[in-house]
Amino acid sequence: FSHTGSPGVTLDLADEMGEDYEVLAGLRTCCGWPQYLAGDLERGEELLLALGKQIDKVKPKVVVSGCAECVAAVQVLASKHGGTFESISTVEWLRRNQDKLDMDPSDEPITFHDSCHLTRKMNRGHVARELMDGVFEVNEIEESGRDGQCCGYYGFGISEEKTRELRLSRLTQAKATGAPKMAVECVTCQESYGKVRQEGDVEIVELQKLVLDSVKRARSKRGGADQ
């Protein structure tokens, strides 16, 4: 139910790859991670276990989440509550199945914002770059700021001014790379930066959306060649 359209992109990519999948959760379901981070551990556990019951009905091998916090929560669910499934991000899922996707490389430069959960907490920052390698021209944000900044999504409104400053600082770093777009791997990052983006700032786009666009370009070119 994200206004970004992220879930629809994920399902389109699943169809492109011919994946067998079930859609879980939705508007009435939360992984409980925001509640954990806010200190409401009891409510967080309640929500997480409720999600676990939904997952258990499907008996999946892998649970794919477009939100890095959901990846973390479902990983906890699997490890602490006996789940036999693996929790991965949409980007990691795409990387594992990249051979099923015919992508048209783009020469338009992009820059990239690392998810703090996937990079610092799970050591998966390399996955997105492996997916982008050879397909997108990446202008990296300077090394000192590459994986050291959070989007501020879970500031919980404690200091709106400081959170805004944090996000604007990242957009300034991204613009300095010369790339017109900043790709993100987590939908909460996309929502966070979208709140403060102004005219002239880099465009915020999910990496998986760029992948889908690349697949569509490749299909279009194949169609033209066939004609």
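Preceding block: the structure.
Now for a look at the structure at hand. (Residues numbered from 1 in each chain as written. Predicted model: local features only at pLDDT ≥ 70, side-chain atom pairs only at ≥ 80, totals over all residues. Heavy atoms only, no water.)

1. Here we look at the side chain of Gln208
Heads up, the rule is: Put simply, DSSP marks the helices as runs of H or I at least four residues long and the strands as runs of E at least two long, and each gets a number from the N terminus on. Throughout, a residue-residue contact means that at least one pair of heavy atoms, one from each residue, lies within 4.5 Å.
Mapped onto the fold, Gln208 is located in helix 11 (residues 207–226). Those residues within four positions of Gln208 in sequence are excluded, and the remaining contacts are Ser6, Val9, Leu13, Thr90, Val91, Leu94, Val184 and Glu185.

2. Thoughts on the nonpolar core
Stated formally: We call a set of buried residues a nonpolar core when its members are Ala, Val, Leu, Ile, Met, Phe, Trp, Tyr or Cys and they connect through side-chain atoms within 4.5 Å of each other. Here's how the labels work: a residue is buried when its accessible area is under 20% of the maximum for its type, exposed when over 50%, partly exposed in between, all with a 1.4 Å probe on protein chains only.
Among the nonpolar cores identified, the biggest contains 29 residues, and Ile55, Phe85, Leu171, Met182 and Ile204 are the most heavily contacted of them. Among the secondary structure elements, those contributing two or more residues to this core are helix 2 (33–38), helix 3 (41–58), helix 4 (68–80), helix 9 (160–176), strand 5 (181–184) and helix 10 (187–196). No other element matches helix 4, which puts 7 residues into this core. When residues no more than four places from it in sequence are discounted, the contact partners of Met182 are Thr111, Phe112, His113, Ile141, Arg170, Leu171, Ala174, Tyr193, Val202, Glu203, Ile204 and Val205. Of all hydrophobic cores here, the second largest spans 25 residues; its members include Met17, Ile110, Val205 and Leu210.

3. Side note on the pairing of strand 1 (residues 62–65)
To keep things clear, this is the line we draw: For two strands to be treated as a pair, DSSP must find at least two bridges joining them. Here the term right-handed applies to a crossover when the path leading from its first strand over the helix to its second strand runs clockwise, the strands being oriented away from the viewer.
Here strand 1 shows a buried face lined by Val63 and Ser65 and an unburied face lined by Val62 and Val64. Two elements, strand 1 and strand 2 (residues 86–89), share 4 bridges in a ladder whose sense is parallel. From the neighbouring strand, Val64 faces strand 2, where its bridge partner is Ile88. Regarding the hand of the β-α-β motif, the stretch spanning strand 1, helix 4 and strand 2 is right-handed.

4. Observations regarding the pattern of salt bridges
Condition: Salt bridge, as used here, is a side-chain nitrogen of Lys or Arg placed within 4 Å of a carboxyl oxygen of Asp or Glu.
Considering all chains together, one arrives at 15 salt bridges under this definition. Close ionic contact of Lys100 with Glu19 constitutes a salt bridge, the shortest N to O distance being 2.7 Å. With Lys100 in the loop between helix 5 (90–96) and strand 3 (109–113) and Glu19 in the loop between helix 1 (6–17) and helix 2, this pair connects stretches of sequence that are 81 residues apart. Accessibility expressed as a relative area gives 24% for Glu19, which makes it partly exposed. When the shortest N-O distance is used, the salt bridge between Glu108 and Lys181 registers 3.4 Å. Residue Glu108 is located in the loop between helix 5 and strand 3, and its partner Lys181 is located in strand 5; the two are separated by 73 residues in the primary sequence. Owing to a relative accessible area of 31%, Glu108 belongs among the partly exposed residues under this scheme. When its relative accessible area of 18% is taken as the criterion, Lys181 is described as buried. Within this structure, Glu86, Glu92, Arg96 and Arg124 form a network of salt bridges that share partners.

5. What about the packing of helix 9 against helix 10?
For the record, the criterion: For helices, the fitted line uses only the C-alpha atoms of the stretch in contact; every axis is such a line through C-alpha atoms, and the angle between N-to-C directions lies from 0 to 180 degrees. The scheme is simple: roughly parallel for angles under 35 degrees, roughly antiparallel for over 145, roughly perpendicular for 65 to 115, oblique for anything else. Each residue is assigned to one of three groups, with Ala, Val, Leu, Ile, Met, Phe, Trp, Tyr, Cys and Pro labelled nonpolar, Asp, Glu, Lys and Arg labelled charged, and all others, Gly among them, labelled polar.
Direction vectors running N to C along helix 9 and helix 10 enclose 95°, while the axes themselves pass 9 Å from each other. In terms of their interaxial angle, helix 9 and helix 10 are classed as roughly perpendicular. On the side of helix 9, the interface is formed by Arg164, Arg167, Leu168, Arg170 and Leu171, while helix 10 contributes Ser192, Tyr193, Lys195 and Val196. Looking at the contact of helix 9 with helix 10 residue by residue, the classes come out as 4 nonpolar, 1 polar and 4 charged.

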